[in-house]
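Here are the chains, one letter per residue:
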Amino acid sequence: MPNATALLDDPILVEDELPAVGQSLPYFQLVNRELEDVALEAFAGQRKILHFFPGIDTPTSANSVRILEQMALDLTNTVILHISPDLPFTMARFCSVENLPQCMTLSTLRGRDMLKNYGVLMMTSKLAGLPARAIMVADEQDRVLHVELVKDLVQEPDYEAVLAVLST
């Protein structure tokens, strides 16, 4: 049975299954702000927060990036990967304007299969083809510790749950 999210309570089906807690993160290769391909193994040995969102130019997505980047200041050996279909230039401009120099943005420009492999690809609604809002936390060995598919795209993820899993 597919997962689901919503936009203002209008249901949206999401393709495939999210990785389960305890599973290994699926392989991915995405594009960084220099238009270079970056794979999961580039972050080996670090804890990871994967932050999926439909686009940086929405208030909820922009605010989530700001909040997560503020959280990152207190986290050790943890990288936050902000993942969206936005062009790398768009995300780099956002991070520059917002004065977020450490902001790690990755585009699905050449890695759209990742959205399906991670169970976040929206299949229905006018937003079909974009990622749902989701957050995943993995340890240094890429083992999933926490997964949340946000119930409605206008809501932000549960930041306290992310911090709780990272503090154990």
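Before reading on, note that the structure itself is shown above.
Here, residues in each chain are numbered from 1, in the same order as that chain's written sequence. Local features in this predicted model are restricted to residues of pLDDT 70 or higher, and side-chain atom pairs are both shown and tallied only at a pLDDT of 80 or more, whereas totals for entire chains, interfaces and linings draw on every residue. The side-chain quantities take in all heavy atoms of the structure and omit both hydrogens and water.

*Asks:* Just to check I follow, could you spell out the layout of surface pockets for this structure?
*Replies:* Unfilled space is identified by rolling a water-sized probe across the atoms. Of the volumes computed, that of the largest pocket is approximately 230 Å³. Taken together, 13 residues line the largest pocket, and the ones lying closest to its centre are Glu69, Ala72, Leu73, Ile80 and Gln102. Those elements that place two or more of their residues in the lining of the largest pocket are helix 1 (59–72) and strand 6 (78–84). Note on residue classes: Ala, Val, Leu, Ile, Met, Phe, Trp, Tyr, Cys and Pro are nonpolar, Asp, Glu, Lys and Arg are charged, and everything else, Gly too, is polar. Grouping the constituent residues of the lining of the largest pocket by class yields eight nonpolar, four polar and one charged. Buriedness for pockets is judged along seven lines, at least five of which must meet protein on both sides within 12 Å for an open set on the 1 Å grid over protein atoms alone, while cavities are sets there where a 1.4 Å probe fits but cannot get out, and lining residues have an atom within 4 Å of a point. Grid points are joined across faces, edges and corners, and a volume is the space filled by probe spheres set on the points. Each helix is a run of DSSP H or I of at least 4 residues and each strand a run of E of at least 2, with the numbering of both proceeding from the N terminus.

*Asks:* Mind showing me how you'd approach the nonpolar core here?
*Replies:* One recurring pattern in soluble globular proteins is that nonpolar side chains are buried together. Throughout this description, the term nonpolar core refers to a set of buried Ala, Val, Leu, Ile, Met, Phe, Trp, Tyr and Cys residues connected via side-chain atoms within 4.5 Å. When a residue's accessible area, from a 1.4 Å probe over protein chains only, is under 20% of the maximum for its type it is buried; when over 50% it is exposed; and in between it is partly exposed. Within the largest apolar cluster, 28 residues are counted, with the highest numbers of intra-cluster contacts made by Phe28, Leu50, Phe52 and Tyr118. Elements that contribute at least two residues to this core include exactly strand 2 (10–15), strand 5 (47–52), strand 6, helix 3 (113–117), strand 8 (121–122), strand 9 (134–138) and strand 10 (144–149). Apart from residues lying up to four places away in sequence, Phe28 is in contact with Val38, Ala39, Leu40, Phe43, Leu50, Leu81, Leu106, Met114 and Tyr118. If you look at the next biggest cluster of nonpolar residues, it comprises 11 residues, including Ile49, Leu75, Ile80 and Val137. Throughout, a contact is declared for two residues whenever any of their heavy atoms are within 4.5 Å.

*Asks:* I tried to follow the packing of aromatic side chains on my own but got confused; where do I start?
*Replies:* Note on aromatic pairs: each is described by the distance of the centres and the angle between the planes. Each aromatic pair joins two rings of Phe, Tyr and Trp (for Trp, the six-membered one) with centres within 6.5 Å, and gets the label stacked for planes under 30 degrees apart, edge-to-face for over 60, and tilted for any other angle. Using the criterion set out here, one finds two aromatic pairs in the structure. Plain terms: the ring middles of Phe28 and Tyr118 are 6.3 Å apart, the flat faces sit at 65° to each other, and that makes the pair edge-to-face. Residue Phe28 is found in the loop between strand 2 and strand 3 (29–31), and its partner Tyr118 is found in the loop between helix 3 and strand 8; the two are separated by 90 residues along the sequence. In this pair, the class of Phe28 matches that of Tyr118, namely buried.

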